[in-house]
Each structure stands twice: as structure tokens, then as C-alpha cells.
Amino acid sequence: MNTDVFALRHIGITENDLQSMFEIVGVDTMEQLIFETIPNDIRLKKPLNLPKGISEHEFLTHIQQLADKNKVFKSYIGLGYHESLIPSVIKRNILENPGWYTAYTPYQAEIAQGRLEALLNFQTTVSDLTGMELANASLLDESTAAAEAMTMLFDVRSRQQKKNGANKFFVSEEVLPQTLSLLQTRSTPLGIELVIGNHEEFDFSNNFYGALLQYPGKHGQVHDYAGFVENAKANEIKVAVAADILSLVLLTPPGEWGVDVVVGTTQRFGIPLGYGGPHAAFFATKEEYKRSIPGRIIGVTKDTDGNRALRMALQTREQHIKRDKATSNICTAQVLLAVMAGMYAVYHGPKGLKYIADKVHNYTQLLSQSLASLGFEQLNTVYFDTIKVQVGDAARLKEVAESKGINLNYIDNHSVSISLNEAFSENDLKLLVSCFVESQQIQKDISIASNVEEVIPKKLQRTAPYLEHEVFNSYHSETELMRYIKKLERKDLALNHSMISLGSCTMKLNAASEMLPLSWANWGNIHPFVPLDQAEGYQIALKELESQLTTITGFAATSLQPNSGAQGEYAGLMTIRAYHESRGEGHRNICIIPASAHGTNPASAVMAGMKVIVTKTDDKGNIDVADLKDKVVQHSENLAALMVTYPSTHGVFESSIVEVTRLIHEHGGQVYMDGANMNAQVGLTNPATIGADVCHLNLHKTFAIPHGGGGPGVGPICVAEQLKPFLPSNPVVSTGGKKAITAISGAPWGSALACLISYGYIKMLGAEGLTESTKMAILNANYIKDRLKGKFDVLYTGERGRAAHEMILDCRPFKAHGIEVVDIAKRLMDYGFHAPTVSFPVAGTLMIEPTESESLAELDKFCDAMLSIREEIDEASPEDPNNVLKNAPHTLEMLTTDDWNYPYSRQKAAFPLSFVGENKFWPAIRRTDEAFGDRNLICTCTPIEAYAEV
């Protein structure tokens, strides 16, 4: 074994396994299997034009060399991004721990209680600090959260406002520039008219439905918005506030003014800057909007035995249920980062947060007074951590500051703003003041103020208590927090325990060598708006990643800005929209989507201002080409795009794909390919070859960024030549094409820090390793399919009977035994496995995707578990629901009780096969009561007495 070859570490199947697997699958060679799986007319004729893979040691040396090219300055730029101190106990036990970063979205609550509790802590932190009734479990960044507030308030307009066409949304000129750019992107397709101005001059006319304020303002001024909100409410105008979460420890929470939404980022709660992300945004609102709130909400319910349980609340709001009626593209969260931010609040508690906020504020006052004593005018009358200073020559100040390793926010030739953070020290204060003295050639001795004077008036000072729950007042020593984190981790099944075989959510190895650089200061401590020469290492890595992805997809250019798959879908459609408008065909607004498409597709299309037309699938699950032709011809003049997933959501390489894409082009449309299933394409075919014009890629699926329990994700778009000019821009740092659309996310390169993972994945695998990974993913899927043959029916296969990288098992016939698909999902937990995707894209089915990282031994364990469950199904009957499947999962509490009132043994319940006992995973709770939780929505940490009274 060549220990330098990373592919041998990434791919679980060995050369010695192949022959026995080929016998099960019924092929002689790998090439035969690929020939029978992928239509020959779309196979690549040449290998990927990428370098040979490098070893893990070579990559770590290389990435260290790139890190050294980054210049880590003290950045006081602010604008929503601040250096933070990550407690080492959180960095080591969460950020660097595969028990946390390899977990899946907590749809299976019984084996996700740890993550769910951590997210409940996050929601409680946000609700308490904002003064709002309800918060979600995170969004992508502050700018997208503000855009979600704008659209949610648009959706919940009164009947009279809708009738009168009230479509204006006021945006304060104090709002962050990247947020304004993103609001422009989101508002235009929906017919929302943005009006930007001074909040003190706003006229509250009835053609406005909402407003957005920034608190504190972009350059640090803290405004008293109470009067504004009162006037807005009197005129039925709903108000959203983008707030700095640390400032809310000292400032009046917006909820006390009666606002409707509060958004922001928790980045400064122990999350690295990472050149822009990933960071966890927050969204808090009133209880009355609980069914309109974007994103996921974690709620309290009970399990079968009446014990307290947590789960994702109101799950029917997901797009795969609402589709084009979804009010938001809500498959977007930053769970791993939200967990870290919530744990930061747990570790520091209310007193610790108060100390940090006071320290930041006091240093800001000392800086203000020190500069004033030197003759500089400080313009903010009320401030928290940011001052705005008049200077004679900002260019000269910039030169001096950068020579001392300091970045400021240069507003114009004569004014700067300076935002301090928790990492600021007395030495930093002296160095910062010296920059002003030197740049303006002041002859005075440097004098640092020693006393602070109160600058926040009483009416803007926080008086409301926060974080009173026990969890925020118990774990302040490292030992205690370490144990608390471990207690939660033990309740969650992640990839460090067993295979997670989710269809359409590729849960592959997230190699340690790919992950290690995320903890390095030279990657973590770079502000997204620093001059490009300070981020040379980032620029090299990101440009090469763009080039790698462009090569893999066969397209002309790539944008890394979209920071989730859903954002990528939206960005791709917005480039198509801009392309049509540039050709004088802005009327093209019809988006055709097959019925089998991902649930996010229709939501993205509607957000992009398009009308969705759904086409049928045939009996084999493929696109009904005849129905597609009819609809394309019918809508030819207005056809904007086709959204297609390839291979299909049904796990099939449809042979008609070239005919389909050609048809769309003949009628003036563009083809968007959903890249969720790219793990079956890399190195064998590509989106350009099938005739697509743009695709998004899920770097958190195909390209090894871990799911993190439901985020971070990255969803870059790759485009053909004609769409290249429209790639998204950023208002602070120049990015995008020559005719760039406005921003898709807040940072110029989205979640840049996470992109290093995919960069390493591609760099180490190389062209050959990437292609081999795809082949193994296809082999593993077909191996499982054929091992289960005769016991489980596969719903759809290709023309030669092959699955792509995933397959759908039809579990509907088991209803004759009284068994539903959810019973199988819960029973798999007893065998130590996370369930495959349940009832998507077809109700009553399981969609299985094994990935290339799993070993033959692990595949066999999973197949043995499924076959054992099949025998249990045969033993069940609808007349007697007291069986091992209906009672699953079985907890340790059940197994150790004195009473055992079940017609099967304890061993069958908990240790049904011999391998289970070797590494037993105990579900933390029995089945959750979803309906109870939705009827009694509790989404914050509440005392057990309050829960008991529900």
C-alpha cells in the first residue's frame, strides 16, 4: 500500500474487495458497470485536466505556505465582522471534533438530542438578548437574514396592504453596505421597492409595508429608535432591526420597542473571521409569525414515555412540502457555528458576557477620549464599540496604520471608523493612538485616557435580565464545559460512529488533513474586507478552487460567493435572469421544473421572480419528455429556464438528458442543473457535456465540507461563457463579472474558510482520485441494491437496471404488515445506523446513498441490518402493533426497567445482530410526539416546571 496516496485513505473499498463486489453486482469490471450506468453519449472523452494528487503531508506543507502569505493585521474595520476569542475548550471539543462536525441535519430527533439541545441554547441566547419571543436555529449571515426579514414581512402584509399594493420597504442609510446590496438582489424579482434614507426624515406613508434599521449604525452611532417604531406601528408598517448581538448586553433590546424582527450575526460569539465565513446569523421575531419564520426552529416536546424531548418544530414548512408556495428558501443554516456561539454563551454566562461587553465598550471610550485630547473630533454621540473620527488626511493615516499592522474603515478622505473587539488590549490602544499621532505629525506627548464617562443614556441602557436559565449559569470552568459538551455529543450519532447513508446528502469522509487548517490563526483571523495583498494566501487558494471547479464542471467560470446550496440555486437563476434582461428578453419568466426535483428548486425559482411550471415524470421516474415538449412549446416565448437534477433525484442517469437540454435551448431558455448529485458525475461526465448552462455545487456534499449537523454549506455556481459576465459582486471588495448582479451573500467569497476543505480534497485526490471516488460511489450503491435484491424493491433504475450513486427502496408494500417507512427508520437506530432519507422524493420510501468512503465491512453491516429488519417486518402484523419495529427505537432506560411488557426479548430489541454489541449506540429518547410539540411550541430553555404545565 502506497501510504502517500490520499485516495487510498479516502476511498473505503480496497483492490481486494472488488472481485467479490463485482460478483454480487453482476459485472466483470468497473468499466462495465460505468458503461451500464451512464449513457455513453455524455461520457467524458478525456481525463480531468487537473494535476496529480498530492500526499497529506505535502498538502499540509503547502497549505501552511499559503497561510504564511496571509498578513494577520489587527482589523478594526467592523461593518459586521470582528475578531473574536474562541475558547479553546470549544475549539478542541466542537470545531475540531468529528462527533460534532460530521453529524447530519437533526431530522431523526431520537439520535440528535445533543445537537438539538445545543441549538435550543443558541435560540435562547438570541431570544433573551434581542428581547423577542422566538428565534430560529440560525441563518447564513446577517445580510441574508435581513433579506429574509424583508421578504417575511412582505408575505405577512395585511389583506388591505396587499389589496392596495403596498410594496415599499424603507432601508436606513445606516444599514451595512453588503446588506443593502443583498436587499437589492432579493427585492427586485419580488417587486419590492427599496427606499433608502434617513430614518429621522421618514414620512411613514401607507405605500410602505416595512422598514429595516441598523443598531448600532454602520459607523457606530447608536440611535434611539423607540419613536420611529411607535410611528411605524401606528401606520401598520412593520419594523426589522439588524443588531449587534454583543451590544445588546448593554443596550436596550429592540424587542422592548415592539419591533417585529431582529436579525444579526453571532460571529463575535467565538467564531473565527475566516475571511467572511462561515458564521451563524440569527433571526428573532414574534410568536405570531412562527409559521412564517425562515429557517429551522428547535422545539420542546415529549417522547412515547412522556419524557422531555427536542426536535425540529413545524417541519411541514420545509420546501419539499410547500415547494413553490414556500415563503423562504429555508434549507439554509449554520448549525456547527450556532452550536459554537451558543456554547460561548453557556461558557461565559451572563456575567462573562457583561464583562466582555463592558471591556469592549470601556476601551472604545478610552480611545475616543484619548483621540479627543489630541485634537481629533469624534462624531458619534452615543456608541458601543465603534467611533467615527475626523482626520486631516485619511490616506496618510492608512499608510501609517498598515505599516503597524492595523486596518481601519476609511469612510472618505477625512473620516474613519474604528470598531474594537474582545481581543483588544491596552497595548493595542497605545499602538492605535500612535498611528494618529504619527500620521498627523502631532507634537504632543501621547496621552492615554484613564477614566471613562458614561456615553449611553439611561433610556438606551439595558435593564432586562438575560440568560437566567441554569444552563448558562453552570458550566464556567473548562472541566465542566468539557463534560457538558461530551454529554451532548454522546446523544448524537455522527460519522465517527457509523455510515450515514442519506440519499441526496452525500455523507462522505471529511478528512482530518482537510479540516486542520480551519483552526490556524492565519486563516481564521482575516477580515473579509482587508486589502487583497493581506489575503494573498486566500486569493491563491480560492482562485485555484474556482479553476478546479470550472474544470470539473466543464464550464467557463465559477463564483464561490453563495454560502449554501439553496443560495447557489438562487444565484444561478439570477444570472439567467440577468442574461435574459441583457438581451432585451426580460419578459422570460417561466421556469420548468420536473415533479421529481429537489424541494428547494421551486422555492428558488419563485424567489428569482419566476413562475414555476411542473412537468410530469413517467412510470420509470424519468422526465416525461412528451409532457416537457408540450409545456416548452406552450411557454416558448416566455421560457426562462429548466431546473433539472442530474443524475435525477430518483438516482438514475436519464438517457434523454441531451434531448431535454437541446429542447430548452431551441426555445430560448437556459438550463440550470442542480448539483446535489454531482458525486456521481465527477470525472465521468459533467454539466457542460449534458448541455447545462449553469449549476451549483454542494461543497458540503460532493467536495467534503462536513455537514456540521445541518451547516455550514457552500453552494458555488459554475457557469457557461454567456453567463460569466453576470457572476455576483460585492459592494466593498470588487468581485464578479463585468455585468455583475448584486450580492448573493454578505462576504465577497462567501464562506471562504470552509472552501479550504474542498481545496484540499481536490488537491489531494487529483484527477485520478476524484474519478475513482465517483466510480466507487456508483459501485457501492449498486452493491447495496443487489445485496438487498428480492427483499426490498428498488423503485427506479436506469435502462440497464443500474442505480447511479443512490437508490430508492419502496417500503409501501410493508403496510400490509402494519409497518410504515418511519418504523424502519427508527428500527435502524437500534442497529446503530442513521436512517436513509425518509419519504423523499417519494412518500413511503427510503433513499440510500453509501458514498465512496465506506468500507465493504460497513456496507455489509448496513445490508445485514436491512435484511434483518426485513425478517422482522415479515413477523409483524397490523392486528398487533406491539412489535419490535413499532416500539423502536429502544432506549437504555427501556432495557433496564424491571418490567418488560413486550413479546420479544431484550436482546432482540437492543442487540439484534452480533456486531451491534461491539459498538452499541443508545438512542437518547423514544419516538418524539411531533403533533404535541407543534401544538405547544416551546423554543427556548424553559424551567422543567413550565414544561410540565403545558
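Every residue gets a number counted from 1 within its own chain, in the order that chain's sequence is written. This being a predicted model, a pLDDT of at least 70 is required before a residue's local features are given, and a value of 80 or more before pairs of side-chain atoms are given or counted; all residues contribute to the totals for chains, interfaces and linings. Remark: hydrogens and water are excluded; side-chain values derive from all non-hydrogen atoms of the structure.

Here's the deal with the overall build of the chain
- When helices and strands are tallied, the chain shows 32 helices and 25 strands.
- Computation of the radius of gyration draws on C-alpha atoms, with the globule rule given as 2.2 Å multiplied by the number of residues to the power 0.38. The C-alpha atoms of the chain give 28 Å as radius of gyration, which agrees with the globular expectation for 950 residues (30 Å, within 12%).
- When its C-alpha atoms are laid out on the principal axes, the chain stretches across 85 × 70 × 65 Å.
- Partly exposed describes any residue whose relative accessible area lies between the buried limit of under 20% and the exposed limit of over 50%, with all areas from a 1.4 Å probe on protein chains only and scaled to the type maximum. When each of the 950 residues of the chain is scored for burial, the buried share is 65%.
- Taking all contacts inside the chain whose residues are at least 6 apart in sequence as the whole, residues at least 24 apart take part in 77%. Going along the chain from the N terminus, every DSSP run of H or I of four or more residues is numbered as a helix, and every run of E of two or more is numbered as a strand. Throughout, a contact is declared for two residues whenever any of their heavy atoms are within 4.5 Å.

Examining the pairing of strand β5 (residues 208–215)
- Most of β5 sits out of view: eight of its eight residues are buried.
- Two strands pair when backbone bridges link them, and strand β3 (residues 168–172) and β5 are joined in this way by four bridges, in the parallel orientation. Residue Phe-170 lies in a different strand from β5, and its bridge partner there is Ala-211.
- Here, strands pair whenever DSSP counts at least two bridges between them. Pairing of β5 with strand β6 (residues 238–243), which is carried by six bridges, proceeds in the parallel orientation. When the bridges of β6 are listed, Ala-211 appears paired with Val-239.
- In this view, the connection linking β5 to its parallel neighbour β6 by way of helix α11 (residues 226–234) has right-handed handedness. Think of it like this: strands point away, you trace from the first strand over the helix to the second, and a clockwise trace means the crossover is right-handed.

Looking at helix α26 (residues 821–830)
- Burial of α26 is extensive: nine of the 10 residues sit out of reach of the surface.
- Listing the buried residues of α26 in full gives Val-821, Asp-823, Ile-824, Ala-825, Lys-826, Arg-827, Leu-828, Met-829 and Asp-830.
- Buried positions along α26 lie against β24 (837–838), β25 (845–848), α27 (856–875), α29 (906–910) and α30 (914–918).
- Backbone geometry just after α26 places Gly-832 at a positive phi near 90°.

What to know about the sheet that holds strand β19 (residues 670–675)
- Reading across the sheet, the seven strands line up as β15-β21-β20-β19-β18-β16-β17 and stay open at both edges, with mixed pairing between neighbours. The sheet terminates laterally at β15 (557–559) and β17 (611–615), the two strands that pair on one side only. Ignoring which end each strand starts from, the neighbouring axes of this sheet average 25° apart.
- Relative to β17, strand β16 (residues 590–594) runs parallel, the two sharing five bridges. The residue of β17 that forms the bridge with Ile-593 is Val-614.
- Axis definition: a line fitted to C-alpha atoms, over the contacting stretch in the case of helices. Angles run 0 to 180 degrees between N-to-C directions. The sheet strands contacting helix α19 (residues 536–553) are β15, β20 (694–697) and β21 (717–719), and the helix crosses β15 at an angle near 125°.
- Those strands touched by helix α20 (residues 565–582) are β18 (639–645), β19, β20 and β21, and its axis lies near 170° from that of β19.

Focus on the layout of surface pockets
- Residues are said to line a cavity or pocket when one of their atoms sits within 4 Å of a point; the points come from a 1 Å grid over protein atoms alone, cavities being sets where a 1.4 Å probe fits but cannot get out and pockets being open sets with protein on both sides within 12 Å along at least five of seven lines. Grid points are joined across faces, edges and corners, and a volume is the space filled by probe spheres set on the points. By volume, the second largest pocket is sized at about 590 Å³.
- Contributing to the lining of the second largest pocket are 24 residues, with Val-5, Phe-6, Ala-7, Leu-8 and Glu-768 lying nearest its centre.
- For the lining of the second largest pocket, the leading source of residues is helix α25 (residues 752–787), giving seven residues.
- Under this grouping Gly is polar, as are all residues other than the nonpolar Ala, Val, Leu, Ile, Met, Phe, Trp, Tyr, Cys and Pro and the charged Asp, Glu, Lys and Arg. Classifying every residue of the lining of the second largest pocket gives 13 nonpolar, five polar and six charged.

Let's talk about the pattern of salt bridges
- A pair is scored as a salt bridge if a Lys or Arg side-chain nitrogen falls within 4 Å of a carboxyl oxygen belonging to Asp or Glu. Applying the stated criterion across every chain, the model contains 40 salt bridges.
- The shortest N-O distance in the salt bridge between Asp-305 and Arg-926 comes to 2.9 Å. With Asp-305 in the loop between β9 (297–302) and β10 (308–313) and Arg-926 in the loop between α30 and α31 (930–935), the pair connects residues that are 621 residues apart, well separated along the chain.
- Asp-305 sits in the partly exposed class, given a relative accessible area of 42%.
- For Arg-926, a relative accessible area of 7% translates into the label buried.
- If you follow the salt bridges from partner to partner, you end up with Glu-36, Lys-785, Asp-786, Lys-789 and Arg-802 in one network.

Observations regarding unusual backbone geometry
- Note that the residue after Gly-277, namely Pro-278, is joined by a cis bond; omega there is 10°.
- Within the fold, Pro-278 resides in the loop between β7 (261–265) and β8 (281–285).
- Of the consecutive residues Phe-840 and Pro-841, the connecting peptide bond is found in the cis state with omega at 5°.
- Examined against the element boundaries, Pro-841 turns out to sit in the loop between β24 and β25.
- We note that Thr-851 has phi near 65°; this positive angle belongs to a residue other than glycine.
- Structurally, the position occupied by Thr-851 is in the loop between β25 and α27.
- Given the relative accessible area of 0%, Thr-851 is considered buried.

A word on the packing of helix α13 (residues 335–373) against helix α15 (residues 426–439)
- It is the contact of α13 with α15, at a shortest axis distance of 11 Å, that shows an interaxial angle of 30°. In this view, α13 runs roughly parallel relative to α15, as classed from their interaxial angle. For the element pair α13 and α15, the recorded crossing hand is right-handed. Counted together, Tyr-363, Leu-366, Leu-367, Ser-370 and Leu-371 of α13 and Glu-426, Leu-429, Leu-432, Val-433 and Phe-436 of α15 form the full contact between these two elements.
- A breakdown of the residues in the contact of α13 with α15 according to their chemical character gives eight nonpolar, one polar and one charged. Each angle receives one of four descriptions, namely roughly parallel if under 35 degrees, roughly antiparallel if over 145, roughly perpendicular if within 65 to 115, and oblique otherwise. By definition, turning the near helix anticlockwise from the far helix through less than a right angle yields a left-handed crossing, and turning it clockwise yields a right-handed one.

Comments concerning the nonpolar core
- The nonpolar core is taken to be a set of buried Ala, Val, Leu, Ile, Met, Phe, Trp, Tyr and Cys residues, with the residues joined through side-chain atoms within 4.5 Å. If you look at the biggest cluster of nonpolar residues, it comprises 245 residues, and the most contacted ones within it are Tyr-215, Met-343, Ile-418, Phe-436, Leu-481 and Tyr-538.
- For this core, the element with the highest residue contribution is α13, accounting for 20 residues.
- Core analysis: the second largest hydrophobic core is formed by 32 residues, Leu-134, Tyr-209, Phe-283 and Ile-293 among them.

Here's the deal with the side chain of Gln-108
- In this structure, Gln-108 sits in the loop between α6 (98–101) and α7 (113–130).
- Here Gln-108 falls in the buried class, since its relative accessible area comes to 9%.
- For Gln-108, the contacting residues outside a window of four places in its chain are Ala-825, Lys-826, Met-829, His-834, Ala-835 and Val-838.

Considerations on the sheet that holds strand β23 (residues 807–810)
- What the four strands build is an open sheet, ordered β22-β23-β25-β24; its pairing is antiparallel. Edge positions in the open sheet fall to β22 (793–794) and β24, since each of these has one partner strand only.
- Sheet analysis places β23 next to β25, joined by four bridges and oriented antiparallel. Among the inter-strand pairings, Ile-808 is bridged to a residue of β25, identified as Met-847.

Some words on the packing of aromatic side chains
- To pair, rings of Phe, Tyr and Trp, with the six-membered ring standing in for Trp, must have centres within 6.5 Å; the planes then decide the type, stacked if under 30 degrees apart, edge-to-face if over 60, and tilted in the middle. Scanning the entire structure with this criterion turns up 32 aromatic pairs.
- Between Tyr-81 and Phe-529 the ring centres are 5.6 Å apart and the planes differ by 85°, which places this aromatic pair in the edge-to-face class. Remark: Phe-529 occurs in the loop between α18 (521–524) and α19 and Tyr-81 occurs in the loop between β1 (74–75) and α5 (88–95); sequence separation between them is 448 residues. Phe-529 shares its class with Tyr-81; the two are buried.
- On the numbers, 4.8 Å between centres and 70° between planes, the contact of Tyr-215 with Trp-257 is edge-to-face. Of this pair, Tyr-215 sits in strand β5 while Trp-257 sits in the loop between β6 and β7; the two residues are 42 residues apart in sequence, bridging distant segments of the chain. The same class applies to Tyr-215 as to Trp-257, namely buried.
- Through a chain of ring-to-ring contacts, the aromatic side chains of Phe-170, Phe-202, Phe-204, Phe-208 and Phe-228 assemble into a single cluster.

Focus on empty space enclosed by the protein
- This model, assessed by the stated rule, comprises 11 cavities of 30 Å³ or more.
- Of the pockets and cavities examined, the largest cavity occupies roughly 220 Å³.
- Listing elements by their share of the lining of the largest cavity, those giving two or more residues are β5 and β6.
- Grouping the amino acids of the lining of the largest cavity by side-chain chemistry returns seven nonpolar, 10 polar and five charged.
- Its volume calculated, the second largest cavity comes out at about 120 Å³.
- Lining the second largest cavity are 13 residues, with Leu-95, Pro-278, Leu-336, Leu-337 and Leu-518 positioned closest to its centre.
- Elements represented by at least two residues in the lining of the second largest cavity include exactly α13 and α25.
- Sort the elements by how many residues they give to the lining of the second largest cavity and α25 lands first, with three residues.
- The residue makeup of the lining of the second largest cavity, split by class, is 13 nonpolar, no polar and no charged.

Brief notes about the packing of helix α10 (residues 177–190) against α20
- Contact geometry for α10 and α20: axes closest at 12 Å, N-to-C directions at 65°. Where α10 crosses over α20, the handedness of that crossing is left-handed. Taking contact as the criterion, the partners of Thr-185, Arg-186, Thr-188 and Pro-189 in α10 are, on α20, Gln-567, Tyr-570, Met-574 and Arg-577.
- Here the residues of the contact of α10 with α20 are counted per class, giving three nonpolar, three polar and two charged.

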